[in-house]
Amino acid sequence: MAYAIAAYLHFLSLFLLFGLLLLEHQLFRQPITLERARSLFRTDILFGIAAGLVLLTGAARAIFYGKGLAYYLNNSLFHAKIGLFVGVALLSIYPTVTFLRWRPALQAGHSPQVSPATGRWVRLVIRLELLALLFIPLLAVLMTRGFGVLAE
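Below, the structure is looked at part by part. (Residues numbered from 1 in each chain as written. Predicted model: local features only at pLDDT ≥ 70, side-chain atom pairs only at ≥ 80, totals over all residues. Heavy atoms only, no water.)

1. Some points on the nonpolar core
With 25 residues, the main nonpolar core has L17, F28, I32, L40, F99, W102 and L133 as its most contacted residues. Listed by contribution, the elements that provide at least two residues to this core are α1 (2–27), α2 (34–64), α4 (76–91) and α7 (116–144). Discounting chain neighbours no more than four positions away, the residues touching F28 are L40, F99, W102, V114, G119, V122 and R123. One finds A62, Y71, Y72 and M143 within the second-largest nonpolar core, a separate group that totals seven residues. (Core = buried A, V, L, I, M, F, W, Y, C linked by side-chain atoms within 4.5 Å. Buried < 20%, exposed > 50% of the residue type's maximum accessible area, 1.4 Å probe, protein only. Helix = DSSP H or I, 4+ residues; strand = E, 2+ residues; numbered from the N terminus. Contact = heavy atoms within 4.5 Å.)

Set out below in structure tokens:
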């Protein structure tokens, strides 16, 4: 039963992560209004929390449940899955820093000024994050079916 709960929490946190990133994509359009900027700022914080939940629940599953940590560490698809997750985390730095730079304007009650170039880059990065996140469940499914096991 504990395995099922851990798996459910992991899936739920991944869905939440994807949903929040999709929300960021929808909210980020020019011109950025004060209300949308505040929503983006809060959504990005929740996105970071959801990423932490994905990491914690995934670690719990790998260490305590499933096929055991040794199986996962000896599976190339697991490494690819973790690599994609780290890639998404690294990509998310750019939008997060952009949103954090808005803090003074938001505290003053002003909508932030976003250059067209910055706007294009933030949208591109968010789209790349969404694309990468789509492949993580695919790698997980393949991994559970025995693909990616490294020769011993």
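2. Thoughts on the environment of G83
Inspection of the secondary structure puts G83 in helix α4. Its relative accessible area of 39% is what places G83 among the partly exposed residues. With 53 residues separating them along the chain, G83 and I136 place their C-alpha atoms 9.5 Å apart.

3. Structural notes on the environment of L139
Relative to the helices and strands, L139 is located in helix α7. With 61 residues separating them in the primary sequence, L139 and F78 have C-alpha atoms 7.3 Å apart. Apart from the residues within four sequence positions on either side, L139 is in contact with L77, A80, K81 and L84.

4. Focus on helix α5 (residues 93–100)
Taken together, the buried positions of α5 are occupied by P95, T98 and F99. The buried residues of α5 occupy an angular sector of 95° when projected down its axis, which confines them to one face. The inward-facing, buried residues of α5 abut α1, α2, α4, α6 (103–107) and α7. (Arc of directions from axis to C-beta.)

5. Describing the side chain of N75
You can see N75 is positioned in the loop between α3 (69–73) and α4. Taking the relative accessible area as the measure of exposure, N75 reaches 0% and is therefore buried. Every residue in contact with N75, bar those within four places of it in the chain, is listed here: M143, F147, G148, V149 and L150.

6. Looking at the packing of aromatic side chains
Overall, the coordinates contain seven aromatic pairs when judged by the stated rule. An angle of 45° between the planes, with centres 5.6 Å apart, marks the rings of Y72 and F78 as tilted. Residue Y72 shares its accessibility class with F78, and that shared class is buried. Look at F99 and W102: their rings are 5.0 Å apart centre to centre, the planes differ by 55°, and that puts the pair in the tilted class. F99 sits in the buried class, given a relative accessible area of 1%. One aromatic cluster in this structure is built from Y3, F64 and Y65. (Phe/Tyr/Trp six-rings, centres within 6.5 Å; stacked < 30°, edge-to-face > 60°.)

7. Thoughts on the packing of α1 against α2
Interhelical geometry of α1 versus α2 gives an angle of 155° and a closest axis separation of 8 Å. One way to sum up the angle between α1 and α2 is to call them roughly antiparallel. In the packing of α1 onto α2, the handedness of the crossing is left-handed. Across the contact of α1 with α2, the residue classes tally to 19 nonpolar, six polar and four charged. (Axes fitted to C-alpha atoms, helices over the stretch in contact; angles between N-to-C directions. Parallel < 35°, antiparallel > 145°, perpendicular 65-115°, else oblique. Left-handed = near helix turned anticlockwise from the far one by under 90°. Nonpolar A, V, L, I, M, F, W, Y, C, P; charged D, E, K, R; others polar.)

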